[in-house]
Amino acid sequence: MTETAASPARPRVAVILGGGVGTRLGLDIPKQLIKIAGKTILEHTIALLQAHPMVDQIVVMMASGHLDAVRAMVRNGGYDKVTQILEGAETRNLTSLRALEALPECSVLFHDAVRPLLSERIITECFEALDRYDAVDVAIPSADTIIEVDPQDNTIRAIPKRSLLRRGQTPQAFRASVLSAAYALATEDPEFTATDDCGVVLRYLPDVPIWVVTGEERNIKITDPIDVFLADKLFQLTSSYVPEEHTPEGYRSALDGKVVVVLGGSYGIGADIATLATEYGATVETFSRSTTNTHVERRPDLVAVADQVVAKHGRIDFVVTTAGILPRGSLLETTEETIYAATDVNYLAPVFIAQVFFPHLQRTGGSLLLFTSSSYTRGRSGYSLYSSAKAAVVNLTQALADEWAESGVRVNCVNPERTGTPMRTKAFGEEPPDSLLESRSVAKASIDVLLSDGTGHVLDLRKLDPLADPVAPLADGGV
C-alpha cells in the first residue's frame, strides 16, 4: 500500500482501451467509432478525460487498421492531452500490457473506450484512492440475484450472498510499477487467463489490497445493439454535458464583435437571451411575428432576415430560435389549421432555419441553438402535437451535428424544465414561482451552450437529475 500522496513528478495517465472490433454489434467498424449525440463513442470518452483536471496524459489503444481515424479525431478535436495512439493487441490483457510497456512510472487509469458516460467523480476518486492504495477498481452493487451453475448439467451450484457481490466497471487505476509486476508474473504462467487488470493483480499479487470506488448505473459499456439505444437515451436524459461557464469578463471577451440572431426574441427566454448577449457586448438582432412580422415557418422571411443582418453587420455568428406554439387538447378534436400551424412553427421552422443560416454560420464557425421540451421523451395526453414535434427537434439536432461535423458549425438543443415564460402562463395559468425555472437562468445556460465547443448535445436544465434521484419526476410543459 502506498503511504504517501502521489508525487507531482509521477504523472497521471489515462489509457483508453479501444482494441475491440464490435463483432457482437455486427458492424464493419469498431463499435467505438459509432456516432452517438454528434460524436463517436471514442471521442466522447477522449473528451471527458481531456476535460478532467487530474488527467495529465491520454494514451489511446485502438484496433488495427483504424489508427488514422483516431489521429484525425484527436487533431480536429484539439485533444492535446493525447500523447500516444497505439495499436491494440489480440486480447484485453495484452492490450493493457502493451500500453504499460509504453509508459513511464505513473499513476495509470485504464478505461473502456465504449464507456462514454463516465462521470468526473469516478475519475477523481480513482486517482485520489491511489494516494493510499496501489490498485483501484470501480464497481456497483448487483440488483439481481447472482447464481453459480454447474457447467456439466446447468443446474444451480450456489447462490452467493448478494450483499457481498458487485458488478465490475471501468476505470481501473494502478501504480504502473505494481501492475507491471503482476503482469511479469502472469506472463510466466502458461495457464494465465483474466478478464481485467484488477484480476491480474488479485491473482499474482494477492497481498496488494484493491480499493473499490462506487460506480454508477449510467456508466454502461456499449457491447450489444440495445446498448447503443440506451446510451443515446442517456446522453439525452442526463446532464453529462455541462457547458463551461464564464466570468463576466470571459463572456464579454467571447462575445465581443459577434453577431447573434434571435428568432422568437420578443419575450420569454428569447428576449432574455437577447438582453444577456447584449449586456455581454454582442450585437444582437431579434425577430418575431409580433415585433418584425417575421414568420419563422416561412423560408422567404428567414432569407430576408439573413440578408438584412449580413448587409448590416457583415456576418452571423450565432442563431437561436425559441419560437414555439403550445396547443393543448385531444388530437381528435384539433382543427386542421391548428395542426398545420403547430407543426410549421415547432418543427418545420427549425428545419428551414438550419437550411437558410448554415452557409452564414459556416463562414464564421458559428453555432445554431434549438429548443426542445421535457415532453419529448414521452408523448403525453393532450400534448401530442407539441411532444412529437419536440422529439423531432432532438433528432434533428443530432442528425445535423453528424451532417455538419466536418463543417465547423455546431448545433445543440436546450431542454428546459418548466420555465416561467408568457407562453407557459398563457397555457397553464399562474403557478408557484418556486416550481419553475427562471427564464434568465435558462438564457444564461443557453449562451454557455452557444459558446461551447460541443455539438449534437441536448442540455437538460432541471432542478433535479431524475437519474440521480429515483423519485424525481420528469416535468411537463417545457418552455
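You'll find the structure just up there.
Residues numbered from 1 in each chain as written. Predicted model: local features only at pLDDT ≥ 70, side-chain atom pairs only at ≥ 80, totals over all residues. Heavy atoms only, no water.

### Comments concerning the packing of aromatic side chains
Any pair of aromatic rings gets described here by the distance separating the centres and the angle formed by the planes.
Argument step 1. Considering all chains together, one arrives at six aromatic pairs under this definition.
Argument step 2. Aromatic pair Y251 and Y280: ring centres 4.5 Å apart, planes at 15°, arrangement stacked. In this pair, Y251 sits in helix α8 (residues 248–255) while Y280 sits in the loop between α9 (268–279) and β13 (283–287), placing the two residues 29 residues apart along the sequence.
Argument step 3. Its relative accessible area of 1% is what places Y251 among the buried residues.
Argument step 4. When the centroid spacing of 4.8 Å and the interplanar angle of 40° are considered together, the rings of F358 and W404 count as tilted. (Phe/Tyr/Trp six-rings, centres within 6.5 Å; stacked < 30°, edge-to-face > 60°. Helix = DSSP H or I, 4+ residues; strand = E, 2+ residues; numbered from the N terminus. Buried < 20%, exposed > 50% of the residue type's maximum accessible area, 1.4 Å probe, protein only.)

### As for the environment of L385
Argument step 1. When you line up the elements, L385 lands in helix α13 (residues 384–403).
Argument step 2. Once the C-alpha coordinates of L385 and T334 are considered, the two residues, 51 residues apart in sequence, prove to be 9.5 Å apart.
Argument step 3. Look past the residues within four positions of L385 in its chain and what remains in contact with it is P327, L331, T334, T338, I339, A342 and T343. (Contact = heavy atoms within 4.5 Å.)

### Overview of α13
Argument step 1. For α13, with 20 residues, the first-to-last C-alpha span of 28 Å sits near the 28 Å given by 1.5 Å per residue.
Argument step 2. Every buried residue of α13 is accounted for by L385, Y386, S387, A389, K390, V393, V394, L396, T397, Q398, L400 and A401. (Expected span 1.5 Å × (residues − 1).)

### Describing the packing of α8 against helix α15 (residues 439–451)
Argument step 1. At their nearest, the axes of α8 and α15 sit 11 Å apart, and the two run at 50° to each other. The angle between the axes of α8 and α15 places the two elements in the oblique class. The handedness of the crossing between α8 and α15 is left-handed. Residues Y251, A254 and L255 of α8 form the contact with α15, whose participating residues are K444, I447, D448 and L451.
Argument step 2. Its residues placed into classes, the contact of α8 with α15 shows five nonpolar, no polar and two charged. (Axes fitted to C-alpha atoms, helices over the stretch in contact; angles between N-to-C directions. Parallel < 35°, antiparallel > 145°, perpendicular 65-115°, else oblique. Left-handed = near helix turned anticlockwise from the far one by under 90°. Nonpolar A, V, L, I, M, F, W, Y, C, P; charged D, E, K, R; others polar.)

These figures come from the coordinates and say nothing about function on their own.
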